[in-house]
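Given next are the chains, with one letter for each unit.
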Amino acid sequence: MNSSYDISFESYEDTSKHNFRHKGGINISNELADLCERLRVSALTNAAEISPLVKEVTIGPNSPRKKDDYKDTTPIINKEQPSENLLEDKLQEDLRYLLIAKKCENKMQKTSNELFKDILGNMLCKHAEATTQFWQIQAQECQKRTLLDKERKMKMYKSIQENDNTSLLEKARTNELNCPINNTDTIDNMNKILEEQNKATARFASITDISNQLTAEPLAKTVINTYTGGIGAVKENNNVVTEYCKTGNVPDKDAKQAKLLALNIENIKKNIAQDLEVIKKEEILMKQKQEELKKKQIEEEKAQQIKLAQAAAAEKEKTERMKKTKPVFFSNNNYKYYEDLKNYLDQYEVQYKDLLEDTSLKKFRFDCQKAVNTPVNALSSVSVLHMKDKYDKLSKLLKGEIVQVLDISVRATRHPQGLAYCTALLAKKIVRQGDLLVSSNTEAAYPLAAVTVALWAQFPHFGKLVEAYFHRLCPYLVPMFLPQKEGQTDKEFYLSRGYTYNDEGVVEKQDKFLKRMSGIFRLRCAIWTAKMPKFLNSPHPNGMRHAWHWLASFINLKPEPDISATLLHDFYIMCGSRCNECYDKQFRKILVLANSDYLKILENIDEGGPKTRLEVYLQAALKSNNIPPPPVPAQQINW
């Protein structure tokens with residue numbers, strides 16, 4: 001900042017005070033000194049007047065009387081009373097004026113400081129603006145000077161070129177006037193120099209044209225490197241001739257070389273034009289090829305799109321045909337649900353793959369199997385306490401708590417994959433009980449179903465695994481009848497239908513197969529109809545709604561020998577009574593439909609015992625207008 005504006009507030013305050021005193025204001029210091037002097041004189045005067053009347057100590061610790069007594073007994077001097085009052089009034093008046101003056105001085109000081117700050121701020125702003133405008137003007141003037149210098153240089157350059165010839169002629173004329181003898185050789189030499197200079201100027205113009213041509217031509221970059229050396233040599237030689245012309249002496253050798261320079265310049269121009277023409281033609285050909293390639297690509301893309309459209313149409317047509325045929329074997333929605341459960345089961349089994357492959361964990365796996373198998377094998381409807389005990393052990397196992405099994409304590413969470421392993425092991429064990437136990441003893445299905453439903457409500461993922469294992473072992477629970485695919489072997493086909501093979505590779509017999517499927521299916525029916533335990537207080541996770549859905553889907557499929565009649569007969573026995581309670585007239589309509597249309601289709605493909613048993617059951621139910629409950633009393637489990 002400029003030093004002229006470097007003013008401190010302290011110096012300003014001193015100046016304002018000085019000016020204030022010299023302009024007739026109240027001087028606070030002098031006033032205070034005068035006041036103190038007057039107070040001192042007044043106090044001494046009063047003391048002198050009352051000293052004859054005071055004979056003893058009146059103040060301090062040696063005073064014999066109290067202050068109040070002293071006030072009451074002090075003689076009043078009437079003569080001096082008016083003067084004392086006047087003195088006090090005067091002192092009060094002086095003090096009041098003194099305070100007012102002090103207040104005014106402070107206010108004026110504060111106002112002066114603020115005013116000075118505002119003035120200083122405005123001055124700084126104006127100085128900054130003036131400085132900015134000054135430098136802007138300077139920058140504009142510099143730009144103008146630069147432009148003027150450029151114009152002046154250009155004019156000087158042009159005038160130098162234009163005046164080269166005139167200067168030489170003037171020099172020649174001056175020499176002619178000064179010399180009395182006519183020197184024809186000098187004139188010829190000057191004419192020769194003038195001619196060579198004109199030629200050099202023309203060559204320089206040609207070189208400039210070449211440079212402009214290369215600059216303006218977009219393709220010049222591809223040829224400029226080829227002729228850079230030649231153009232540079234021409235420029236250098238042309239400059240040499242020009243310098244000789246300026247000195248007034250052009251050797252014959254350089255004059256001949258100047259002629260060659262003109263030819264070189266013309267050759268360079270022709271070669272550059274030819275090269276540029278070739279490059280342009282090549283570029284045109286390249287563009288044509290690129291356009292042809294683009295056209296081919298567009299045509300190929302169109303052809304590919306047409307192929308894709310045809311393939312999509314064919315796929316759509318195939319899908320439509322499959323839609324017309326698939327409902328004969330299974331429902332699309334049911335099959336999708338089957339695939340989802342299958343994928344879920346596959347992914348879940350991967351979770352404990354390391355546990356199964358680790359040989360060092362054989363003891364842990366054996367303990368987990370014992371914790372699952374022992375309560376499941378012991379399940380029966382002997383009492384509610386018995387079932388509750390088995391349920392508690394299995395529930396604790398799935399929670400990851402410690403379970404006491406015979407003489408060992410098992411906890412699934414002792415291994416990171418142990419809980420997943422125990423859950424899948426329990427689900428698979430329960431479904432396998434349909435094959436191993438329920439197929440020969442239907443009564444065993446009800447306690448298994450009751451505990452399964454209770455665990456299903458508490459652990460939904462466990463219920464999902466149970467349903468997935470049911471679909472794996474008995475695909476008719478989806479329901480679906482998978483057809484034999486093209487290229488599929490008989491073994492693969494039978495395995496997809498739920499059949500098993502022995503160690504010798506022989507497929508199981510039909511009667512054994514039907515018995516096994518019937519046991520698994522009856523366990524599933526028992527789960528649908530099982531009652532929820534009261535201690536859970538939660539809805540049924542997989543009740544009669546799912547049973548009704550299975551029946552409606554199964555009736556819509558194309559019947560097959562033996563298995564269709566077997567499963568439909570088992571359903572009516574296990575779930576018929578509950579379906580009649582829940583769906584009443586709708587269920588009776590299905591009974592009538594099965595007795596008429598469904599049995600007519602079965603008569604053409606099935607003449608065995610399962611078809612006969614179904615026919616007898618349907619006719620008896622419709623004749624008596626009564627659907628009997630299952631013939632096993634133990635199915636009524638209330639716990």
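Model, not experiment: these values are computed from the prediction.

Colleague: Lay out the packing of aromatic side chains with the relevant residues and their values.
Modeller: Taken as a whole and assessed by the stated rule, the structure comprises 22 aromatic pairs. Seen from their ring centres, Phe521 and Trp550 are 4.8 Å apart, and the 50° between their planes marks the pair as tilted. Here the residue Phe521 occupies a position in helix H16 (residues 510–529), and Trp550 occupies one in helix H17 (residues 544–556), the gap between them amounting to 29 residues. Of the two residues, Phe521 and Trp550, neither departs from the other in class, the shared state being buried. Taking 6.0 Å as the distance between ring centres and 65° as the angle between the ring planes, the aromatic pair formed by Tyr572 and Phe587 counts as edge-to-face. A residue pair is termed long-range when its members are at least 10 positions apart, and Tyr572 in helix H18 (residues 563–583) and Phe587 in helix H19 (residues 585–605) qualify at 15 residues.

Colleague: How would you sum up the confidence of the model for the chain? Please name residues and give values.
Modeller: Taken residue by residue, the chain gives an average pLDDT of 79. The fraction at 70 or more is 68%. Overall, residues 1–26 carries pLDDT values under 50, and its contacts beyond four positions in sequence, including any with other chains, amount to 21 contacts. In the model, residues 66–81 has pLDDT below 50 throughout and makes 6 contacts with residues more than four positions away in sequence or in other chains.

Colleague: Can you break down a nonpolar patch on the surface residue by residue, with the values?
Modeller: There is a patch of nonpolar side chains on the surface, built from Leu115, Ile119 and Met123 and spanning about 260 Å² of accessible area. With respect to the helices, strands and loops of the structure, Leu115 is situated in helix H4 (residues 81–178).

Colleague: Describe the side chain of Arg497, and please don't skip the residues or the numbers.
Modeller: Checked against the element boundaries, Arg497 lands in the loop between helix H15 (490–496) and H16. A distance of 2.7 Å separates polar atoms of two side chains, one belonging to Arg497 and the other to Glu560. What Arg497 contacts, discounting residues up to four positions off in sequence, is Pro475, Tyr476, Phe481, Leu482, Phe513 and Glu560.

Colleague: For the nonpolar core, give the residues involved together with the corresponding values.
Modeller: Proteins that are soluble and globular tend to have nonpolar side chains buried together. Within the largest apolar cluster, 96 residues are counted, with the highest numbers of intra-cluster contacts made by Leu426, Leu455, Phe462, Trp550, Leu551, Phe571 and Tyr572. Contact partners of Phe571, with chain neighbours within four places excluded, come to Phe521, Cys525, Trp528, Ala547, Trp550, Leu551, Gly576 and Cys579.

Colleague: Go over helix H13 (residues 445–458) with me, naming the residues and quoting the values.
Modeller: With 14 residues, H13 should cover 20 Å at 1.5 Å per step; its first-to-last C-alpha distance of 20 Å lies within 8% of that length. Counted residue by residue, H13 has 12 buried out of 14 residues, so it is predominantly covered. When H13 is considered as a whole, its buried residues turn out to be Ala445, Tyr446, Pro447, Leu448, Ala449, Ala450, Val451, Thr452, Val453, Ala454, Leu455 and Trp456.

Colleague: An account of unusual backbone geometry is requested, with residue identities and associated values reported.
Modeller: Geometrically, the link from Val478 to Pro479 is a cis peptide bond, its omega value of -5° lying close to zero. Mapped onto the secondary structure, Pro479 falls in the loop between helix H14 (460–473) and H15. A positive phi angle, close to 55°, is found at Leu406, a residue other than glycine. Note on placement: Leu406 falls in the loop between strand E1 (403–405) and strand E2 (408–410). What makes Leu406 exposed here is its relative accessible area of 67%.

Calculation rules
Residues numbered from 1 in each chain as written. Predicted model: local features only at pLDDT ≥ 70, side-chain atom pairs only at ≥ 80, totals over all residues. Heavy atoms only, no water. Phe/Tyr/Trp six-rings, centres within 6.5 Å; stacked < 30°, edge-to-face > 60°. Helix = DSSP H or I, 4+ residues; strand = E, 2+ residues; numbered from the N terminus. Buried < 20%, exposed > 50% of the residue type's maximum accessible area, 1.4 Å probe, protein only. pLDDT = per-residue confidence, 0-100. Contact = heavy atoms within 4.5 Å. Patch = residues over 30% accessible without salt bridge, like charges linked within 9 Å, V, L, I, M, F, W, Y side chains within 5 Å. Areas by Shrake-Rupley, 256 points an atom, 1.4 Å probe, with all protein chains shown as cover. Salt bridge = Lys/Arg side-chain N within 4 Å of Asp/Glu carboxyl O. Polar contact = N/O pair within 3.5 Å; in protein donor to acceptor, adjacent residues only side chain to side chain. Core = buried A, V, L, I, M, F, W, Y, C linked by side-chain atoms within 4.5 Å. Expected span 1.5 Å × (residues − 1).

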